[in-house]
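Listed here are the chains, written in short residue letters.
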Amino acid sequence: MAPFDVYWDHHIPLPKLPPLKAKITVAMVALLCFINSYDGDFVFDDSEAIINNKDLRPTTPLNNIWNNDFWGSNLSSNSSHKSYRPLTVLTFRLNYLLAGGLHPVGFHVPNVVLHAVISALMVDVFAVLIGGLPYGEGGGVQNHAPKASLLAALLFAAHPVHTESVAGVVGRADLLCALFFQLSFLTYCKAFHRGSDKCEGKFSVQWMALSLLLCAAAMLCKEQGITVLGINAAFDVLLICNVNLFELSQRLLLRRKDINVSELVRTGLLSRLALLAVGGASMLYARWRIMGTGPPVFTEVDNPASFADSMFLRIVNYNYYYSLNAWLLLCPWWLCFDWSMGCVPLINSATDWRIVWLLLLWCVLIGLISQAFCSPDSQRRRTLTLGLVLLVVPFLPACNLFFRVGFVVAERVLYLSSAGYCLLLAYALGHCCCHWARHRRLLGVCVLALLGVYVVRCAHRSHQWRSEQSLFTSALVVCPLNAKVHYNVGKNLADRGNTSAAISYYREAVRLHPTYVHAMNNLGNILKERDELVEAELLLSKAVAIQPDFAAAWMNLGIVQNSLQKFSEAERSYWNAISFRKKYPDCYYNLGRLYADQNRHLEALNAWKNATVLKPDHSLAWNNMVILLDNTGNLGQAELIGREALKLLPNDHTIMFSLANVLGKLQKYKESEGFFLLALKINPNTASCHGNLAVLYHRWGRMELAKRHYELALKLDPEAPGTRDNYKMLLRKMEQLRRSTP
């Protein structure tokens, strides 16, 4: 393949750096943009993918990673999102081991480093796509577009749309996918005979096989990875075999001249494309088999356009989504962690003014495609075509054409596509500098200003990703109509104890999306805690009416009904919850409380026993069993249950306290004292523990110790019931003993 004359490269107002320095420069810019996210918290989707994902724990069998989805759910489950990314989860598990647990720094730093490495490798990718594969005398690849590839890589390194992928830990999937995507492409480039000045069918099958393996690795990090096969095919057609697509399309459409199949066979193009097709088909088949029960099921809330009544409206809205994605690449200022639930209202008629944006998008695309096909400048044709391919092909899995996706707009899916945009932007800037040479200094200032704005915006946005509070509140400005944004702000406020402010955000979420059952459930919980039981019951009843299989809402409704003394309704609600979620220990615990309130002691014990079977570390269920058996006089059984519980929960001071009470009643004073003292060692400021230990010493006849612990209990809680009376009784007894002593 002959090298291409990139005549516009030397006009770009950037220094011509050696390859290593260029990569270091790009990596440093990438680090500068996102380094302030290295010590951020786990935010948004990190909760499910990292904190609640048992596949990260060393106690979980490693094989589970290959059977479960990205979120830790079994792939055969109907509730699974089918996002099969075992290599990404494996890196999370490694982070967990190296960091010694769920320490966010150990998860964020690899993301920042990965983005820097990917950005540096983009120098090589862009150099090949712009300047071809010219080999020097030593056999190494020469960069015929050093300035253009540097500029495109700098734009990629600093593009703010990457913030979600870099600053959010779950963005590791996009980063690893991009890394293996690059390696697959660069390995494919190595498959061709060095020193050849044209495509003569000489290529290495070994390098091509390795490229396919790296493609499979990219796909095991994120599904988007398979699109590298399209990039490799385009590279082969346009750069290796130098096919003129305009002439080829005219031959196919107008049949002016037959296609020389023998020439294509001689060059090896058909065999290589066949190899890519077979490899891609095999990966897709394997992926389909792994999914088990078919594609994931999404709701109208996730992707409303895919549920539109007519094909016309679906097509219009999909294209409007494409225009929004294009705008995020062009002007990445309005960024949001979530674009669903009313953030992007549907276009429901042809008179909606927003149709202008999708028309504008297609005008630009048609203009670029016409230049890519019809320009007399072969360099322009190749660069624009490859830029468009790199822009569009990685986006195809997210475009709703082949299957329904579970989002409206997602900044993370633009990580790879942004490389195509940066290539096109670098080409446009290079041509501006070439044709407006007199204003080269001004254009240089503009380029540096653009990079500066990108860096500042990246730093600001990655700072917003450091905590859920700043991330969620930043979205209120971008998507004020997004019910999920209000829900997440409310949830964050509630988690931090500000339930009064949380209520207003939950109410706004329900107003914006009247069937938002999760907002109803959380709002009902807060109202329950504030003793506003009637409204809480109405909200939770509405939630289960909208979504009858919402087990958590059924359980919470049961708690509210129990508080309202609607015992039969509460029992039905609890059993409904259990019917929809078989393994629901918290619901069994609350059911046990209901039975205990009704003096149905045996049923209460059975419910709590079920809770501990499903969740052996359910402290409240164990403790309630001990207390109930104690109160009903079954001290021997209470002792056995308490000791069994402490084998599983050796540091639970509440169970120690309850067991100590039982042992005291059994006159096992020494053992009882030991458990009381252990409980106080763990939680020394518990008034009831001091008070009950004082009662034990009182019975035991150790008056001074009893006096001391009565006084500590009264100091911690002057209103402790019975403690003051017992203390006065002790003082009278001590006085009598002093008087009776000669």
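Just so it is clear, the structure is predicted and the values come from calculations on it, not from any experiment.

Parameters and conventions
- Residues numbered from 1 in each chain as written.
- Predicted model: local features only at pLDDT ≥ 70, side-chain atom pairs only at ≥ 80, totals over all residues.
- Heavy atoms only, no water.
- Helix = DSSP H or I, 4+ residues; strand = E, 2+ residues; numbered from the N terminus.
- Expected span 1.5 Å × (residues − 1).
- Buried < 20%, exposed > 50% of the residue type's maximum accessible area, 1.4 Å probe, protein only.
- Contact = heavy atoms within 4.5 Å.
- Core = buried A, V, L, I, M, F, W, Y, C linked by side-chain atoms within 4.5 Å.
- Salt bridge = Lys/Arg side-chain N within 4 Å of Asp/Glu carboxyl O.
- Axes fitted to C-alpha atoms, helices over the stretch in contact; angles between N-to-C directions.
- Parallel < 35°, antiparallel > 145°, perpendicular 65-115°, else oblique.

Enquirer: Would you mind showing me how to read helix α22 (residues 517–529) here?
Expert: Think of an α-helix as 3.6 residues a turn; residues three or four steps apart then line up on the same face. For α22, which comprises 13 residues, the first-to-last C-alpha distance of 18 Å matches the rise-based estimate of 18 Å (1.5 Å per residue) to within 8%. Those residues of α22 not exposed but buried are Val517, Ala519, Met520, Asn521, Asn522, Leu523, Gly524, Ile526, Leu527 and Lys528. On its buried side, α22 packs onto α20 (483–495), α21 (499–512), α23 (533–546) and α24 (551–563).

Enquirer: It is not clear to me how the nonpolar core should be interpreted in this structure. Could you clarify?
Expert: Grouped burial of nonpolar side chains is what soluble globular proteins tend to show. Counting residues in hydrophobic clusters, the biggest one holds 220 residues, and the most contacted among them are Phe126, Phe185, Phe235, Phe337 and Trp339. In this structure, Phe42, Phe70, Tyr96 and Ala173 belong to the second largest nonpolar core, which totals 13 residues.

Enquirer: When you look at the pattern of salt bridges in this model, what are you seeing that I'm missing?
Expert: Think of it this way: side chains of opposite charge can pair up when their charged atoms draw near. For the coordinates displayed, the defined rule picks out 25 salt bridges. Taking the shortest distance from any N to any O, the salt bridge between lysine 528 and glutamate 529 comes out at 3.8 Å. Of the charged contacts in the structure, one is a salt bridge between glutamate 673 and lysine 670, with a shortest N-O distance of 3.6 Å. In this pair, glutamate 673 and lysine 670 both sit in helix α31 (residues 669–682), three residues apart, roughly one turn of the helix. Classification of lysine 670 by relative accessible area gives exposed; the value is 61%. Residues joined in a network through salt bridges with shared partners are Glu639, Arg643, Lys668 and Glu671.

Enquirer: What am I meant to see in the packing of helix α4 (residues 86–99) against helix α9 (residues 205–221) here?
Expert: Relative orientation of the contacting elements α4 and α9 amounts to 70 degrees, with a least axis distance of 5 Å. Looking at the two axes, α4 sits roughly perpendicular to α9. Only Ala217, Leu220 and Cys221 of α9 make contact with α4, whose side of the interface consists of Pro86, Leu87 and Thr88.

Enquirer: Can you walk me through the environment of cysteine 336 in this structure?
Expert: Looking at where cysteine 336 falls in the secondary structure, it is placed in the loop between α14 (311–330) and α15 (355–374). Each C-alpha atom, one on cysteine 336 and one on arginine 461, is 9.8 Å from the other, the two residues being 125 residues apart in sequence. Residues in contact with cysteine 336, not counting those within four places in the same chain, are Glu411, Arg461, Ala475, Val478, Cys479 and Val485.

Enquirer: Would you explain the environment of leucine 179 in this entry?
Expert: Among the structural elements, leucine 179 can be located in helix α8 (residues 172–190). Judged by relative accessible area, which is 15%, leucine 179 ranks as buried. Put simply, leucine 179 and leucine 737 are 558 residues apart on the chain and 83 Å apart in space, counted from C-alpha to C-alpha. Beyond its immediate stretch of four places on either side in the chain, leucine 179 contacts Leu114, Val117, Ile118 and Leu121.

Enquirer: Looking at this model, I keep getting lost on unusual backbone geometry. Mind explaining?
Expert: Backbone geometry places glutamine 565, a non-glycine residue, at a positive phi of 60 degrees. Position of glutamine 565 among the secondary structure elements: in the loop between α24 and α25 (567–580). With a phi close to 65 degrees, glutamine 667 is a non-glycine residue in the positive phi region. Note that glutamine 667 resides in the loop between α30 (653–665) and α31. A relative accessible area of 60% means that glutamine 667 is categorised as exposed.

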